[in-house]
Amino acid sequence: MSENPKFDGRRDLLKKAAGISAAIAVAGVAVTQSAKAAGMAQSAVQYQDKPKDGHRCDACALWIPGPTPTAKGKCKAVAGAIDPAGWCTLWSPKS
Ligand code: SF4
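The shown structure was predicted, so the numbers you read here are calculated from the model rather than taken from an experiment.

### With respect to the overall build of the protein
- Helix and strand counts for the protein come out as one helix and two strands.
- If you list the helices and strands of the protein from N to C, you get α-β-β.
- In the protein, which comprises 95 residues, the proportion classed as buried is 12%.
- In the protein, the proportion of contacts linking residues at least 24 apart, taken out of those at least 6 apart, comes to 67%.

Below, the structure written as structure tokens:
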């Protein structure tokens, strides 16, 4: 037992603060990993289901084809079903 009860109180407070900080850090990592797994929101990259300036998703380096050439596929960066004729601001040509 400490001779100074004020000191014990501060120590407890610091321990609690450290615990809360660790919990917030863990929650932040979980949210970040969840967002990565899900991809960016289509609205965040101005996704549209039609080409822009001749640029299409099926000609993009991030395109993941669907079961047929005209079926919706996926994107390595954007969440949700993606139209092969679509486009977004992340478009970059296949090399
Ligand atoms: S990055 Fe954009 S343009 Fe490229 S496939 Fe994904 S949604 Fe389509």
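### A short note on the site of the ligand
- Within the structure, the ligand sits among 14 residues, and Cys 57, Cys 60, Cys 75, Cys 88 and Trp 91 are positioned closest to it.
- The residue inventory of the shell around the ligand, partitioned by class, reads 13 nonpolar, one polar and no charged.

### Notes on the environment of Trp 87
- Within the secondary structure, Trp 87 is located in the segment after strand S2 (74-75).
- You can call Trp 87 buried: it has 23 C-beta atoms within 10 Å.
- Among residues more than four places away in sequence, those in contact with Trp 87 are Gln 48, Pro 51, Lys 52, His 55, Arg 56 and Cys 57.

### As for the environment of Ile 64
- Along the polypeptide, Ile 64 turns up in strand S1 (residues 63-64).
- Measuring from C-alpha to C-alpha, the distance between Ile 64 and Pro 84 comes to 9.1 Å, with 20 residues separating the pair along the chain.
- Ile 64 has contacts with Gly 73, Lys 74, Cys 75 and Lys 76, leaving out every residue within four places of it along the chain.

The rules behind each value
- Numbering of residues starts from 1 in each chain and follows the order in which that chain's sequence is written.
- Totals for whole chains, interfaces and linings use every residue, but because this is a predicted model, local features are given only for residues with pLDDT of at least 70 and side-chain atom pairs only at 80 or more, for both listing and counting.
- Only DSSP runs of H or I covering at least 4 residues are called helices, and only runs of E covering at least 2 are called strands; the numbering of each starts at the N terminus.
- Backbone-placed C-beta atoms define the burial measure: a residue is buried with 20 or more other C-beta atoms within 10 Å of its own, exposed with 12 or fewer, and partly exposed in between.
- We call two residues in contact whenever the C-beta atoms placed from their backbones are within 7 Å.
- For each residue, a C-beta atom is placed from the backbone, and the residue counts as near a molecule or strand when that atom lies within 6 Å of it.
- Here the nonpolar group is Ala, Val, Leu, Ile, Met, Phe, Trp, Tyr, Cys and Pro; Asp, Glu, Lys and Arg are the charged ones; every other residue, Gly included, is treated as polar.

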